[in-house]
Amino acid sequence: MNAVHAEWIKFRTTRATWIGLAAIAATVAGTGALALYVASMYDGADATRRATIAVAPLEEMALFVAQLVFAVLGALSLTAEYRSGLVRTTFTAVPRRWAVLAAKAAVLTAAGLLTGVAAMAAARGLTGAIIGDRPIPEYDEPVRLADLLVGGPSVAMFALIGLGLGALTRSAVATIGTVFALWYIVPIVAMNLPAPWDDRISSIVLTRLHTELAGVDPAVKYGDHMPSALLSPWAAAAVMTGYVLLVNLPGYLRARRD
Amino acid sequence: MIETRSLTKRYGRVTAVDELSFTVAPGHVTGFLGPNGAGKSTTMRMILGLDRPDGGEALVDGRRYTAIRRPAHVLGALLDATALQPGRSGRAHLRAVAAANGIGAARVAEVLDRVGLTGAARRPASAYSLGMKQRLGIAQALLGDPGVLMFDEPVNGLDPEGVRWIRGLLRDLAAEGRTVLVSSHLMTEMALTAERLLVIGRGKLIADTTVAALTAGGESLEDAYFRLTETSVEYGGTR
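Residues numbered from 1 in each chain as written. Chains lettered and ligands numbered in written order. Predicted model: local features only at pLDDT ≥ 70, side-chain atom pairs only at ≥ 80, totals over all residues. Heavy atoms only, no water.

A. Here's a closer look at the overall build of chain B. Along chain B, the regular secondary structure elements total eight helices and nine strands. At 18 Å, chain B has a C-alpha radius of gyration in line with the 18 Å of a compact globule built from 239 residues. Its C-alpha atoms give chain B principal-axis dimensions of about 50 × 40 × 35 Å. Buried residues in chain B amount to 54% of all 239 residues. Long-range contacts, defined as pairs at least 24 residues apart, comprise 68% of the intrachain contacts of chain B with a sequence gap of at least 6. Of the roughly 10100 Å² of accessible surface on chain B, 47% is carried by carbon and sulfur atoms. (Helix = DSSP H or I, 4+ residues; strand = E, 2+ residues; numbered from the N terminus. Rg over C-alpha atoms; globule rule 2.2 N^0.38 Å. Buried < 20%, exposed > 50% of the residue type's maximum accessible area, 1.4 Å probe, protein only. Contact = heavy atoms within 4.5 Å. Areas by Shrake-Rupley, 256 points an atom, 1.4 Å probe, with all protein chains shown as cover.)

Take a look at the structure:
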């Protein structure tokens, strides 16, 4: 527990943490601005146009940014210490290296869960309040709690993948480059693969797992242009856990060796 | 008490530390002298479990450092004072290190006071001079009130007043019955601070002696040091 306390102090006294949280807050505010735009567009439209107005779930934007922010925070958690040499102080204070990695993972998981849920809930609450009782699809039905809660595990997963890759590469640039590709490029490539591989690969890309965890199939909900979700919530949870373990094991082994 | 037994570290074909055995006893300042690249820092890292020895072992109070549960209470070390996260304040840095060993904020305030950094405690580390970073590192070593202290080149970057201060501090710590090991390549500095001397060159122990014995023949400590290490300097101009 001492190691966790130490890592918690480091996490909240790192500039990057607050810059990242500010970026997430700004995105939440941005979803509010988009909701205002949608609401005014709705109010100015006639009945036939109103029927065609649809909005992608705006809270997903806040989650999308939170995923990247926490992947970067996870990556920096260890790589910044290697860069400054602080890691020697850390390993001198806590000689059991697995305990250091576990403590960092615990802090990132807790902060990621909290931030993921908070970002989703804040964005959904804000946009929902602005759209009000306008009968726009997505906003004309009650919020499913599960849709918001899955933001937590998703953000925590990104943070832990950043941590594990950082432990493996010990390079912030290599780690952030890799998570950026996993977060942005891989999902786009996956969507454009020939069938049936587009659905298969899209079902296991990092940015999609939370919708499957919530039991949502985007192809059913938004139409056929979105890849189908092939995983059940349990399978999605297993894949998320598997990714985290897969990435963190070699990092742990490398930290233990020297 | 610090003890090494046949401690060995190789980097590829280079043997950085070669069957090094010595004991550092409490009650006086022991200087750890040797030219650059002699293996001083590598030895210290192995004592702290940061580098794994290829042979032999290093013990702190009879135990391997990595087997000690809250090591800050047994050994305090300053290896590299500049190893700080630039945006974090000195106080936050110490609080994190202290928390890892179950030490609270009150003790952090105490050590900050002892090294004279209370006024700068909330400033980010990037605003510290090298001398202030050295003071912060010393405060960090003192956090757990340990019986063994190890400092790697602690006077680097200190102004004359700071050098004088650390000299007094090291002697006080030793007089309190602690084991104090201080590495340096400045023999003149060691002459003023240390009582015992461990001289190493190319990873091997060259001399385990006292300052008094080394200068007994009327030779200056500097001359005695050069005589001892002349065959072990790896990189240097011809003399």
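Still more to cover.
B. Seen up close, the UniProt feature "domain: ABC transporter" (unreviewed entry) in chain B. Per the UniProt record, "domain: ABC transporter" (unreviewed entry) is annotated on residues 2-227 of chain B. Secondary structure across residues 2-227 of chain B divides into 34% helix and 27% strand, with the first and last C-alpha atoms of the span separated by 27 Å. (UniProt positions renumbered as here; feature names shortened; annotations may be inferred.)

C. Layout of the sheet that holds strand β9 (residues 204-210) of chain B. All names here are of chain B. Read across the open sheet, the six strands follow the order β5-β6-β7-β3-β8-β9; overall the sheet is mixed. The sheet is open, and its two borders are formed by β5 (75-78) and β9, each paired with just one other strand. Taken over all neighbouring pairs, the strand axes of this sheet differ in orientation by 15 degrees on average, direction set aside. Pairing geometry for strand β8 (residues 196-201) and β9, over six bridges, is antiparallel. Of the residues in β9, the one forming a bridge with arginine 196 is threonine 210. Strand contacts of helix α8 (residues 221-229): β3 (29-33), β8 and β9, with the helix running at about 35 degrees to β8, the strand carrying the most contacts. (Pairing = 2+ DSSP bridges. Axes fitted to C-alpha atoms, helices over the stretch in contact; angles between N-to-C directions.)

D. The arrangement of the interface of chain A and chain B in detail. Between chain A and chain B, the contact holds 25 residues from the first and 27 residues from the second. Of the roughly 2200 Å² buried between chain A and chain B on both sides combined, carbon and sulfur atoms contribute 55%. Its largest share of buried area at the contact with chain B, chain A owes to Asn2, Arg88 and Thr92 of chain A, together 23% of the area lost on that side. Remark: the boundary between chain A and chain B carries zero salt bridges. Linking chain A with chain B are seven residue pairs in polar contact (both at pLDDT 80 or more), by the criterion used here. Tallied by class, residues from the side of chain A that touches chain B come to nine nonpolar, eight polar and eight charged. (Buried area = accessible area lost by both parts, 1.4 Å probe. Salt bridge = Lys/Arg side-chain N within 4 Å of Asp/Glu carboxyl O. Polar contact = N/O pair within 3.5 Å; in protein donor to acceptor, adjacent residues only side chain to side chain. Nonpolar A, V, L, I, M, F, W, Y, C, P; charged D, E, K, R; others polar.)

E. Quick peek at the packing of aromatic side chains. Residue and element names in this part refer to chain A. As enumerated under the stated definition, the model contains seven aromatic pairs over all chains in all. When the ring of tryptophan 8 is compared with that of phenylalanine 11, the centres are 6.2 Å apart and the planes differ by 25 degrees; the resulting orientation is stacked. Here tryptophan 8 pairs with phenylalanine 11, and both are found in helix α1 (residues 2-12), just three residues apart, close to one helical turn. The class of phenylalanine 11 is buried, set by a relative accessible area of 13%. Through a chain of ring-to-ring contacts, the aromatic side chains of Phe64, Phe180, Trp183 and Tyr184 assemble into a single cluster. The aromatic ring of phenylalanine 91 is capped on one face by arginine 97, whose charged end is 4.3 Å from the ring centroid. If you follow arginine 200 out to its NZ or CZ, it ends over the ring of tryptophan 197, 4.8 Å from the centre. (Phe/Tyr/Trp six-rings, centres within 6.5 Å; stacked < 30°, edge-to-face > 60°. Lys NZ or Arg CZ within 6 Å of the ring centre and 35° of its normal.)

F. Just the packing of helix α2 (residues 90-100) of chain B against helix α4 (residues 130-142) of chain B, in detail. Residues and elements named next belong to chain B. Interhelical geometry of α2 versus α4 gives an angle of 25 degrees and a closest axis separation of 10 Å. Here α2 is positioned roughly parallel relative to α4, judged by the angle of their axes. When you trace α2 past α4, the crossing you get is right-handed. Of the residues in α4, those in contact with Gly90, His93, Leu94 and Val97 of α2 are Leu136, Ala139 and Gln140. Of the residues assigned to the contact of α2 with α4, the class counts are four nonpolar, three polar and no charged. (Parallel < 35°, antiparallel > 145°, perpendicular 65-115°, else oblique. Left-handed = near helix turned anticlockwise from the far one by under 90°.)

G. Representation of the sheet that holds strand β4 (residues 55-60) of chain B in the model. All names here are of chain B. Spatially, three strands are ordered β2-β1-β4 in an open sheet, and the strand pairing comes out antiparallel. Either end of the sheet is taken by a strand with one partner, and the two such strands are β2 (14-24) and β4. When strand polarity is set aside, the average angle formed by the axes of neighbouring strands in this sheet is 20 degrees.

H. View of helix α2 (residues 15-44) of chain A. In this model, α2 of chain A (30 residues) spans 44 Å end to end at C-alpha, consistent with the 44 Å of a helix rising 1.5 Å per residue. Buried residues of α2 of chain A: Thr17, Gly20, Ile24, Thr27, Val28, Thr31, Gly32, Ala35, Val38, Ala39 and Tyr42 of chain A, and no others. (Expected span 1.5 Å × (residues − 1).)

I. Expanded view of the pattern of salt bridges. In the structure shown here, the tally under the stated rule is 18 salt bridges over all chains. The residue aspartate 43 of chain A makes a salt bridge to arginine 134 of chain A at a minimum N-O spacing of 2.8 Å. On the criterion of sequence distance, the pair formed by aspartate 43 of chain A in helix α2 and arginine 134 of chain A in the loop between α6 (97-131) and α7 (145-149) is long-range, its members being 91 residues apart. A salt bridge links arginine 5 of chain B to glutamate 3 of chain B; the shortest N-O distance between them is 3.5 Å. Taking relative accessible area as the criterion, arginine 5 of chain B reaches 39% and is therefore assigned partly exposed. Where salt bridges share partners, they join Glu7, Lys10, Glu81 and Lys104 of chain A into one cluster.

J. Up close: the nonpolar core. Judged by nonpolar contacts, the single largest core of 129 residues is most densely connected at Phe70 of chain A together with Leu75, Ile138, Met150 and Phe151 of chain B. No other element matches α6 of chain A, which puts eleven residues into this core. Judged by nonpolar contacts, the second largest core, of ten residues, contains Tyr42, Ile53, Ile131 and Tyr139 of chain A. (Core = buried A, V, L, I, M, F, W, Y, C linked by side-chain atoms within 4.5 Å.)

K. Here's a closer look at the UniProt feature "transmembrane region" (unreviewed entry) in chain A. Under the present numbering, the feature "transmembrane region" (unreviewed entry) in UniProt falls on residues 18-42, 62-80, 101-123, 143-165, 172-193 and 234-253 of chain A. Secondary structure within residues 234-253 of chain A divides into 100% helix and 0% strand; the distance between the first and last C-alpha atoms comes to 28 Å.

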